[in-house]
Amino acid sequence: MSSESSLFSHRWLPALLLAPMILLILLFFYVPVFQAFYWSFFLEQPFGGGSEFVGFENFQRVLGDPEFWAATGRTVVFMLTASSLAVVVPLMLAIAADRKIGMSYPARNILVWPKGIAGASIGVVFAFIFNPFVGLMAPLNALFPGLWNPGIDGTDAFTTLVAAHVWSGIPFNFVILLAGLRSIPPTMYQAAAMDGAGPWRRIFDVQLPLIMPQLFLTFVLEFTESITSVFALIDTITGGGPGGSTSLLVYKIYVDGFRGFDLSGASTQTAILMVFVLLLAACQFYFLGRRINYER
């Protein structure tokens, strides 16, 4: 196929094809982000009663709130635990599938299915699975009463959120990591085996170094996803409870803005969260991205 056949016949056709996506991004991302930063410098009335410019007073109020720092701490803990597990678990599954062990081919299809399930639906299912009376932990609770009760124990509720997030993150990360593993030339495994490297040695000396670009991608996306997209799980599983133990920053923003009608405070927290996510991604690219070798 010649290079001319891959070009668009009309110079404006690419722009027209991209216009719907660009419009959606503008309406549902850039406009809300701009509005949040704008409101963070104003005292907004909850029902359209006007606004008053207050400068950085909203930031002083938010940064002086102990609940904000508590929610931020829980967010960081969740980000580190859930994101790490959401990469390590798919990595182990991808290595097993790449080795073509028993049932690996049907497992490749089954592990992708959760990607088509909405976060709220996942939350409802996990709330039932980890229910202390009718879920998987019910037999243990019958033997040891009170062993598992996410309704009153914050650690149990937090663990349920982590498990739900890890399960929902398996499909995408599994596909990315398996694709990286399948792209490794078989001759490298053969050379390592001839040198006496066992299965575990081949994983750490051959496979992991060669899929570092895929691992880096999944870590960057997972760290961002764990901060911003856990709202649906919190809302359907715990509602921020018990006692605010699962109220991460993204859920606190919702509670303050849509239940407490503190539009200025919620917008200020949104601006801070956006800056934090950008700094986190920048640090990952600065400290980790430049050490990744994309050539084999």
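Rules used throughout
- Residues numbered from 1 in each chain as written.
- Predicted model: local features only at pLDDT ≥ 70, side-chain atom pairs only at ≥ 80, totals over all residues.
- Heavy atoms only, no water.
- Axes fitted to C-alpha atoms, helices over the stretch in contact; angles between N-to-C directions.
- Helix = DSSP H or I, 4+ residues; strand = E, 2+ residues; numbered from the N terminus.
- Parallel < 35°, antiparallel > 145°, perpendicular 65-115°, else oblique.
- Left-handed = near helix turned anticlockwise from the far one by under 90°.
- Contact = heavy atoms within 4.5 Å.
- Nonpolar A, V, L, I, M, F, W, Y, C, P; charged D, E, K, R; others polar.
- Phe/Tyr/Trp six-rings, centres within 6.5 Å; stacked < 30°, edge-to-face > 60°.
- Buried < 20%, exposed > 50% of the residue type's maximum accessible area, 1.4 Å probe, protein only.
- pLDDT = per-residue confidence, 0-100.

1. Concerning the packing of helix H3 (residues 66-98) against helix H10 (residues 212-228)
Taken N-terminus to C-terminus, the directions of H3 and H10 make an angle of 140°; their axes are 9 Å apart at the nearest point. As judged from the angle between their axes, H3 and H10 are oblique. Every pair of crossing elements has a handedness; the one defined by H3 and H10 is right-handed. In this structure, H3 contributes Thr75, Phe78, Met79, Leu80, Ser83, Ser84, Ala86, Val87 and Leu91 to the contact, and H10 contributes Leu215, Thr218, Phe219, Glu222, Phe223, Ser226 and Ile227. Considering only residue class, the contact of H3 with H10 consists of ten nonpolar, five polar and one charged.

2. A short note on the packing of aromatic side chains
As enumerated under the stated definition, the model contains 19 aromatic pairs in all. Ring centres of Phe42 and Phe53 lie 5.4 Å apart, and the angle between their planes is 75°; this geometry places the pair in the edge-to-face category. Taken together, the residues Phe42 in strand E1 (residues 42-44) and Phe53 in strand E2 (residues 51-53) connect sequence positions eleven residues apart. Between Phe216 and Phe285, the aromatic rings sit 5.1 Å apart at their centres with planes inclined by 90°, giving edge-to-face as the arrangement. Taken together, the residues Phe216 in helix H10 and Phe285 in helix H13 (residues 263-287) connect sequence positions 69 residues apart. A relative accessible area of 9% means that Phe216 is categorised as buried.

3. Brief notes about the confidence of the model for the protein
Scored by pLDDT, the protein has a mean of 85; 95% of the residues are at 70 or more. Mean pLDDT values over the elements of the protein span from 71, in helix H4 (residues 104-110), up to 92, in helix H2 (residues 57-63). Note on residues 1-5: pLDDT under 50 across the span, and zero contacts to partners over four residues away in sequence or across chains.

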